[in-house]
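As a plain string of letters, each chain reads:
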Amino acid sequence: MNKLTLSALALLMTLGLAACSSESDEGADFEQAGENAGEMMDDAADSVEESYEEATGQDEGAWGEIKEGAQNAADEVSDGAQSAADSVGEAADEAGDAMEEGYNEMTQ
């Protein structure tokens, strides 16, 4: 990797981690920071792959890039849907626990 790419990657990682920090009393959101860092590393890996393909003459061309972009978008939509489903499941579990706790308090 050249110096410009490494510098940009370091800057993005720093900004991503800084954006995840919280000024409230609950502290930094390390899970979000980890996700951001992971996304930045994926982007850097994609950039390196593209540079390698161009340098070795293995570039996929426009149609290959469109297919790869569509696959990446589908993967991100799938990941987002899974994350949303997990969040809804957690919220439903918490609501059920709260209802059960309320019921137990009322019946005792």
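Values in this document were obtained by computation on a predicted structure and should not be read as measured data.

1. Comments concerning the overall build of the protein
- A tally of helices and strands in the protein yields three helices and zero strands.
- Listing each helix as α and each strand as β along the protein from the N terminus yields α-α-α.

2. Things to note about helix α2 (residues 30-56)
- The end-to-end C-alpha separation of α2 is 38 Å, in line with the 39 Å expected for 27 residues at 1.5 Å each.
- Phi for G57, located one or two positions after α2, is positive at around 80°.

3. Concerning the confidence of the model for the protein
- The predicted model of the protein has a mean per-residue pLDDT of 76, with 74% of residues at 70 or higher.
- When pLDDT is averaged over each element of the protein, helix α3 (residues 61-107) comes out on top at 82 and helix α1 (residues 3-20) at the bottom at 68.

What counts as what
Residues numbered from 1 in each chain as written. Predicted model: local features only at pLDDT ≥ 70, side-chain atom pairs only at ≥ 80, totals over all residues. Heavy atoms only, no water. Helix = DSSP H or I, 4+ residues; strand = E, 2+ residues; numbered from the N terminus. Expected span 1.5 Å × (residues − 1). pLDDT = per-residue confidence, 0-100.

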